[in-house]
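Observations on chain architecture
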Amino acid sequence: MAFPSLTFGIVLLFVGVIVLPGANAKGSRAFFVFGDSLVDSGNNNYLATTARADSPPYGIDFPTRRPTGRFSNGLNIPDLISQRLGAESALPYLSPQLRGNKLLVGANFASAGIGILNDTGSQFLNIIRMYRQLEYFQEYQQRVASRIGVARTRRLVNEALVLITVGGNDFVNNYYLMPYSARSTQYSLPDYVKFLIVEFRKLLQRLYDLGARRVIVTGTGPLGCVPAELAMRGGRNGGCSAELQRAATLYNPQLQHMIQGLNKKIGRDVFIAANTALMHNDFISNPRAYGFTTSKIACCGQGPYNGIGLCTPLSNLCPERNLYAFWDPFHPSEKANKLIVEQIMSGSKRYMNPMNLSTILALDVST
């Protein structure tokens, strides 16, 4: 991506019950978000970093028509999931507005540019790496406990929905960041993928230890097919980058296998796999079937495929965002995000295994 984990590949969901009377104004479940620019709702606005989306035309289709720090023309995936839960969007954890009853809605800890590994995204300087996001989650619980007590806070967290979207930057902004990067000289690609899986498992275990019981964990999607990679590494006639596609093909099945093992250790299906790589591939391979005119050219950008650099006030800007699968060189448009969330909510077992989010929510209500 500058900061992609673009494309969610496998999404894993732990989703919880949330019947916490008086917990927030609407009585809906809390929602916590961890990860990178695909789900950052503005934390990086409060940091001295180049990984920011705080200037136009970002936010051009957001309700306020202003940039918010979301790497989108409008709503991002956490916003759309919140809508489906009947809740307001969780505020960025660094927002001064996150206080009082707003804390009980949840919090978004995500930070553009980060990865599974601490050295991923080092070029962006001040970003909230995963270990720090989890520290903030612990700090959040202490803040809430001082307000509603330890027992109610534990219940709020146990019954919350959690989304974690991380992994793509470990390829795009680490292993493949430059020829002969430190990680690519240290590891072959298969060994690097194994290393990432081991480290990701530690993060998920830590999240579980902190009380998360229903979580959406995403892997990588078709990294080689985003406009940025088409511009920099794509094959002839606009073909996807074979090497990045190979990375995603190696990574996602191993992530699924790791999740299955972690569930077995825990003794329940805490993690539900959502195949968002397939969701992306649907509209990338056949954009017109989903109402897009293109899945290769970004709406906002410059250079080939509008895939060079970031979206800025000086970039090319398409007049109709709903016709583009990608908003900027790395991130889906709001319309594409809606398609992804629709599959998360109601997709068949081909997309959501063993069940979709709507089914999980219904089961949680009945238990």
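This report concerns the structure included in the present document. (Residues numbered from 1 in each chain as written. Predicted model: local features only at pLDDT ≥ 70, side-chain atom pairs only at ≥ 80, totals over all residues. Heavy atoms only, no water.)

On to the environment of Glu320, then. Note that Glu320 resides in the loop between strand E8 (316-317) and helix H10 (334-346). When the C-alpha atoms of Glu320 and Gln141 are compared, they prove to be 42 Å apart, with 179 residues separating the residues in sequence. Within polar-contact distance, the side chain of Glu320 engages the backbone nitrogen of Asn322 at 3.2 Å. (Helix = DSSP H or I, 4+ residues; strand = E, 2+ residues; numbered from the N terminus. Polar contact = N/O pair within 3.5 Å; in protein donor to acceptor, adjacent residues only side chain to side chain.)

Turning our attention to helix H3 (residues 150-158). For H3, every residue scored as buried is listed here: Thr153, Leu156 and Val157. Across the axial projection of H3, the buried residues extend over an arc of 95 degrees, all falling on one side. (Buried < 20%, exposed > 50% of the residue type's maximum accessible area, 1.4 Å probe, protein only. Arc of directions from axis to C-beta.)

Now for the state of the cysteines. Each disulfide consists of one covalent bond between the sulfur atoms belonging to two cysteines. Tallied over the full model, the rule gives 3 disulfides. The partner cysteine of Cys300 in its disulfide is Cys311, sulfur to sulfur 1.9 Å. Taking the sign of the S-S torsion, 85 degrees for the link of Cys300 and Cys311, the bridge is right-handed. Highlighted residues: Cys300 in strand E7 (residues 300-301) and Cys311 in the loop between E7 and E8, separated in sequence by 11 residues. (Disulfide = S-S within 2.5 Å.)

Core analysis: the biggest nonpolar cluster contains 105 residues, and Phe32, Phe34, Tyr140, Ile164, Phe171 and Phe200 have the highest contact counts within it. Top contributing element to this core by residue count: helix H6 (residues 189-209), with 11 residues. If we ignore the near neighbours within four places in the chain, the residues touching Ile164 are Phe34, Met130, Phe200, Leu204, Leu207, Val215, Ile216, Val217 and Thr218. (Core = buried A, V, L, I, M, F, W, Y, C linked by side-chain atoms within 4.5 Å. Contact = heavy atoms within 4.5 Å.)

Our focus in this paragraph is the pattern of salt bridges. Under the criterion given, the structure shown has 14 salt bridges. Taking the shortest distance from any N to any O, the salt bridge between Asp364 and Arg29 comes out at 3.3 Å. Of the two residues, Asp364 is situated in helix H11 (residues 357-366) and Arg29 in the loop between strand E1 (8-13) and strand E2 (31-35); the sequence distance between them amounts to 335 residues. Exposure class is identical for Asp364 and Arg29. Each is buried. (Salt bridge = Lys/Arg side-chain N within 4 Å of Asp/Glu carboxyl O.)

What follows is about unusual backbone geometry. In this structure, Pro57 follows Pro56 across a cis peptide bond, with omega equal to 5 degrees. Here Pro57 lies in the loop between E2 and helix H1 (77-85). Of note in this structure, Arg65 is not a glycine but carries a positive phi near 60 degrees. Summarising the element assignment, Arg65 is placed in the loop between E2 and H1. Given the relative accessible area of 54%, Arg65 is considered exposed. Phi is positive for Tyr305, which is not a glycine, with a value near 60 degrees. In this structure, Tyr305 sits in the loop between E7 and E8.

Topologically, Asn108 is positioned in strand E3 (residues 106-108). Polar side-chain contacts of Asn108 include one of 3.1 Å to the side chain of Ser41. Here Asn108 is in contact with Val33, Val39, Asp40, Ser41, Asn43, Pro78, Ala90, Leu91, Pro92 and Tyr93, once residues within four sequence places are set aside.

So, on to the environment of Arg70. With respect to the helices and strands, Arg70 occurs in the loop between E2 and H1. Judged by its relative accessible area of 9%, Arg70 is buried. Taking C-alpha positions, Arg70 is 13 Å from Phe109, a pair spaced 39 residues apart along the chain. With residues up to four places along the chain from it excluded, the contact list for Arg70 reads Asp40, Ser41, Ala53, Tyr58, Phe62, Asn76, Asp79 and Ser89. At 3.0 Å, the side chain of Arg70 forms a polar contact with the side chain of Thr68.

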